[in-house]
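Chain by chain, the residues:
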Amino acid sequence: MVAPVKLYRITRLGRPFDFSRTSNRISLFGPTVLGLGFLGWDLATGISPDYVGALRASIAAFLAWAVTRELDPDRPNTATFAMVLAALATVTGFWEVPLGISAAALLGLRVLAGTVGGDLKPVDLVVFVGMAAFAGTRIEGWVVVLLLILGLLDSRPPGYLYAVTAMVVGAGVGAYLADVGLPGGVASDEVYLWALVTVAAIPLAVRLTKIRSRTDIFDHPIRWPNVRAARVMAGFVVFGGLLASTSHQVVLLVPVLAALVATALVRTFRPV
């Protein structure tokens with residue numbers, strides 16, 4: 001128990017890895033197996049192995065698992081389902097997977113859902129400012145900036161107003177330096193399809209329920225309104241990425257979408 005205590009003295013964004021838990025072992029071995037499966041498919045079909053693509057599929061699978069653990073903390077199996085969905089979506093090659101933006105969304109959802117517990121540490125505020133500046137460099141990340149800000153406004157750790165101000169400025173500077181502009185052209189049919197999937201997943205995921213899990217530290221109950229807000233914001237994050245898509249490319253935050261869809265499906269077909 002020494003390692004978790006030391007970790008939480010520094011940051012409330014990270015979580016200690018308990019290898020004795022089945023879900024944590026799946027989070028480690030699952031993406032590895034999926035990445036190797038990606039390479040195996042390349043070899044079986046006679047094309048040159050795409051090692052970068054395999055790595056991206058593995059990272060997307062892990063991020064989907066991690067996001068789902070925030071959206072549905074009571075059901076580890078939901079995270080496994082999301083992991084598979086994210087890997088399959090990445091393997092298809094139809095979408096760009098902005099994994100850095102998904103990682104920023106994960107941190108925002110973690111704070112908004114309140115699954116770790118306790119006030120954020122000063123280093124966490126610095127991380128949030130940096131993530132906001134990074135997300136601002138891509139138009140599909142602008143909703144993630146809003147998510148990060150909402151997370152701080154809800155948790156209100158010491159110094160949060162200064163951090164929010166710095167995040168707004170950082171995101172603006174990032175957008176200016178990257179010369180980010182609004183998308184042009186007519187949206188493709190894929191955009192409308194995945195927008196419909198996202199819109200349908202949000203109400204399915206947020207139907208009245210309760211959370212039995214407790215926070216990592218202090219053993220406080222995880223509040224359902226916070227988890228519900230995180231599920232709604234996950235949908236808005238994906239929808240924002242869709243609005244930023246062009247007619248030639250559908251830009252999705254695949255791990256976040258996979259987490260939301262998995263949560264909605266499990267919530268619908270296994271409500272208890």
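Refer to the structure printed above.
Residues numbered from 1 in each chain as written. Predicted model: local features only at pLDDT ≥ 70, side-chain atom pairs only at ≥ 80, totals over all residues. Heavy atoms only, no water.

Draft legend 1. Expanded view of helix H8 (residues 160–177). Along its 18 residues, H8 runs 25 Å from first to last C-alpha, staying within 8% of the 26 Å computed at 1.5 Å per residue. Of all the residues in H8, the buried ones are Ala-163, Val-164, Met-167, Gly-170, Ala-171, Gly-174 and Ala-175. Across the axial projection of H8, the buried residues extend over an arc of 130 degrees, all falling on one side. The exposed residues of H8 that point more than 90 degrees off its buried face are Leu-161, Tyr-162, Val-169, Tyr-176 and Leu-177. Of the surrounding elements, those touching the buried residues of H8 are helix H6 (122–135) and helix H7 (142–155). Phi turns positive one or two residues past the end of H8, at Asp-179, with a value near 55 degrees. (Helix = DSSP H or I, 4+ residues; strand = E, 2+ residues; numbered from the N terminus. Expected span 1.5 Å × (residues − 1). Buried < 20%, exposed > 50% of the residue type's maximum accessible area, 1.4 Å probe, protein only. Arc of directions from axis to C-beta. Contact = heavy atoms within 4.5 Å.)

Draft legend 2. Inspection of the nonpolar core at higher detail. Counting 60 residues, the largest nonpolar core has Phe-128, Val-144, Leu-152 and Val-237 as the members making the most contacts within it. Each residue touching Leu-152, except ones within four places of it in the same chain, is listed here: Leu-120, Leu-125, Phe-128, Pro-157, Tyr-160, Ala-163, Val-164 and Met-167. One finds Ile-202, Ala-205, Leu-260 and Ala-264 within the second-largest nonpolar core, a separate group that totals five residues. (Core = buried A, V, L, I, M, F, W, Y, C linked by side-chain atoms within 4.5 Å.)

Draft legend 3. Inspection of the side chain of Ser-58 at higher detail. Assignment of secondary structure puts Ser-58 in helix H3 (residues 51–71). A residue is classified by how much of its surface remains accessible, and Ser-58, at 15% relative accessible area, is buried. The contacts of Ser-58, once residues within four sequence positions are left out, are Pro-31 and Gly-35.

Draft legend 4. Spotlight on a nonpolar patch on the surface. On the surface, a nonpolar cluster with roughly 490 Å² of combined accessible area is contributed by Phe-17, Phe-19, Leu-28, Phe-29 and Val-33. One can find Val-33 in helix H2 (residues 22–44). (Patch = residues over 30% accessible without salt bridge, like charges linked within 9 Å, V, L, I, M, F, W, Y side chains within 5 Å. Areas by Shrake-Rupley, 256 points an atom, 1.4 Å probe, with all protein chains shown as cover. Salt bridge = Lys/Arg side-chain N within 4 Å of Asp/Glu carboxyl O.)

Draft legend 5. Up close: the packing of aromatic side chains. According to the stated counting rule, one finds two aromatic pairs in the structure shown. Ring centres of Phe-19 and Phe-29 lie 6.0 Å apart, and the angle between their planes is 75 degrees; on these two criteria the pair is classed as edge-to-face. Residue Phe-19 is found in the loop between helix H1 (2–10) and H2, and its partner Phe-29 is found in helix H2; the two are separated by ten residues along the sequence. (Phe/Tyr/Trp six-rings, centres within 6.5 Å; stacked < 30°, edge-to-face > 60°.)

These figures capture arrangement, not role.
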